[in-house]
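This is what each chain is made of:
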Amino acid sequence: MESYIPITHLNDYIFCPRSIYLHAIYSGFKQNLYHRAAQTIGKIKHENIEEGAYSTAKRYLHGMSVYSEKYCLMGKIDVYDIEEEAIIERKNKVNKIYDGYRCQLYAHYFCLTEMGYPVKKLFLHSLSDNKRYSLALPSSEEQKEFEALVQKVAHARAEEMPILENKAKCAACIYKPLCH
């Protein structure tokens, strides 16, 4: 039996393949030892989803576990709006729609549709400025790219993960002290 891939690993892998491996090293430590301010703020703002306090309206499912047998993925959605048939992924601040954000939404989309939930809309919601960004449902080409990414993550091995030479990404990486 194959093990399930956490959906967050897709975003992490796109940022830097080594971050999945380095995250495992830090997993036994308290997050305040390695999280930077942005991660801490994001975690605090995400707590109402985790605690089920996003909304009391019955139209919203929040913090629900999702999975896909087809892709061997599992994770949790932020919000599914039953009436709008929309997935809403909340981020502290959206400056740009990164590929990792898009793939995370696609993963939620594929999981929910496989679980029998209709999905017509995908949104990224920027908490700090209360802006919402609409993303198109994945095209067949984007689905193929998504499937290729899932395969890369599924077969990733720590000893084969390259060190990226992207100074901007490395400067923003919480795992930088262990990587270089």
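In the nomenclature of an unreviewed UniProt entry, the chain corresponds to Type V CRISPR-associated protein Cas4.

Participant: What exactly am I supposed to notice about the overall build of the chain here?
Facilitator: A count of helices and strands for the chain gives seven helices and eight strands. For the chain, buried positions account for 38% of its 180 residues. Of the contacts made within the chain by residues no fewer than 6 positions apart, 65% connect residues no fewer than 24 positions apart. Accessible area for the chain stands at about 10500 Å²; split by element, carbon and sulfur atoms hold 52% of it.

Participant: Help me understand the side chain of Asp 78 in this model?
Facilitator: With respect to the helices and strands, Asp 78 occurs in the loop between β4 (73–76) and β5 (79–81). The buried charged residue Asp 78 lacks any salt bridge partner; its closest oppositely charged side chain belongs to Arg 90, at an N-O distance of 4.9 Å. A polar contact of 2.7 Å, which involves the side chain of Asp 78, links it to the backbone nitrogen of Arg 90.

Participant: Before we go on, may I ask you to explain the nonpolar core in this structure?
Facilitator: One broad rule of soluble globular proteins: the nonpolar side chains tend to lie buried together. With 29 residues, the main nonpolar core has Leu 10, Leu 73, Ile 87, Leu 112, Leu 122 and Phe 146 as its most contacted residues. The set of elements that each furnish at least two residues to this core consists of α1 (8–15), α4 (99–114), β7 (121–126) and α5 (140–154). Tallying contributions element by element places α4 first for this core, with nine residues. Discounting residues that sit within four places of it in the chain, Leu 73 has contacts with Tyr 4, Ile 5, Ile 7, Leu 10, Val 66, Tyr 67, Ser 68, Ala 107, Cys 111, Phe 146 and Val 150. Membership of the second largest hydrophobic core comes to five residues, among which are Leu 22, Ile 174, Tyr 175 and Cys 179.

Participant: Quick question: what am I supposed to make of the sheet that holds strand β2 (residues 60–62) here?
Facilitator: What links the strands of a sheet is backbone hydrogen bonding, and the strands pair in either a parallel or an antiparallel sense. Pairing within the open sheet is mixed, and its five strands lie in the order β2-β5-β6-β7-β8. Strands with a single pairing partner mark the edges of an open sheet, and in this sheet they are β2 and β8 (131–135). Across the sheet, the axes of successive neighbouring strands diverge by a mean angle of 25°, strand direction being ignored. With six bridges joining them, strand β6 (residues 86–91) and β7 adopt parallel strand pairing. Note on β7: the bridge partner recorded for Ile 87 is Leu 122.

Participant: Help me understand α4, please; the structure alone is not making it clear to me.
Facilitator: Turn by turn, an α-helix covers 3.6 residues, leaving residues three or four places apart pointing in a common direction. With 16 residues, α4 extends 22 Å between its outermost C-alpha atoms, agreeing within 8% with the 22 Å of an ideal straight helix rising 1.5 Å per residue. Burial analysis of α4 places twelve of its 16 residues in the buried class, which makes it a mostly covered element. For α4, the set of buried residues is Gly 100, Tyr 101, Cys 103, Gln 104, Leu 105, Tyr 106, Ala 107, His 108, Tyr 109, Phe 110, Cys 111 and Leu 112. Of the residues trailing α4, Gly 116 is marked for its positive phi of about 100°.

Participant: Teacher, can you tell me more about the packing of aromatic side chains here?
Facilitator: For any two aromatic rings, the description comes down to two numbers: the centre-to-centre distance and the angle of the planes. Scanning all chains against the criterion turns up six aromatic pairs. Taking 5.3 Å as the distance between ring centres and 55° as the angle between the ring planes, the aromatic pair formed by Tyr 71 and Phe 110 counts as tilted. Taken together, the positions of Tyr 71 in the loop between β3 (65–68) and β4 and Phe 110 in helix α4 put the pair 39 residues apart, joining distant regions of the chain. Here Tyr 71 matches Phe 110 in class, with each residue buried.

Participant: I would appreciate a short explanation of unusual backbone geometry in the present structure.
Facilitator: Most peptide bonds take the trans configuration, and most residues that are not glycine carry a negative phi. Within the chain, Cys 72 stands out as a residue other than glycine whose phi angle is a positive 55°. Examined against the element boundaries, Cys 72 turns out to sit in the loop between β3 and β4. Classification of Cys 72 by relative accessible area gives buried; the value is 14%. The phi dihedral of Asn 130 is positive, around 55°, even though this residue is not glycine.

Calculation criteria
- Position numbers for residues count from 1 along each chain, tracking the sequence in the order it is written.
- Note on the predicted model: pLDDT of at least 70 is required for a residue's local features to be given, and 80 or more for side-chain atom pairs to be given and counted; whole-chain, interface and lining totals, by contrast, use all residues.
- Hydrogens are left out, water is left out, and the side-chain values use all remaining heavy atoms of the structure.
- To qualify as a helix, a DSSP run of H or I must reach at least 4 residues; to qualify as a strand, a run of E must reach at least 2; elements of each kind are numbered from the N terminus.
- Exposure classes here rest on a 1.4 Å probe applied to the protein chains alone. A residue is buried below 20% of its type maximum, exposed above 50%, and partly exposed in between.
- The contact criterion used is simple: two residues touch if any of their non-hydrogen atoms lie within 4.5 Å.
- The Shrake-Rupley method, run with a 1.4 Å probe, gives the accessible areas here. Residue values count only the displayed protein chains as cover.
- The charge count includes Lys and Arg as positive and Asp and Glu as negative, but it does not include His or the ends of the chains.
- What counts as a salt bridge is simple: a side-chain nitrogen of Lys or Arg found within 4 Å of a carboxyl oxygen of Asp or Glu.
- Between N or O atoms, a polar contact is any pair within 3.5 Å; within protein, one atom must be a potential hydrogen donor and the other a potential acceptor, and residues adjacent in sequence are included only when both atoms are from side chains.
- Residues enter a nonpolar core if they are buried and are Ala, Val, Leu, Ile, Met, Phe, Trp, Tyr or Cys, with the set joined through side-chain atoms within 4.5 Å.
- Any two strands with at least two DSSP-identified bridges between them are counted as paired.
- The angle between two axes is taken between their N-to-C directions and runs from 0 to 180 degrees, where each axis is a line fitted to C-alpha atoms and a helix contributes only its stretch in contact.
- Under the convention used throughout, the expected extent of a helix is 1.5 Å for every residue step, that is, one less than its residue count.
- Note on aromatic contacts: the rings of Phe and Tyr and the six-membered ring of Trp form a pair at centre separations within 6.5 Å, being stacked when their planes are under 30 degrees apart, edge-to-face when over 60 apart, and tilted otherwise.

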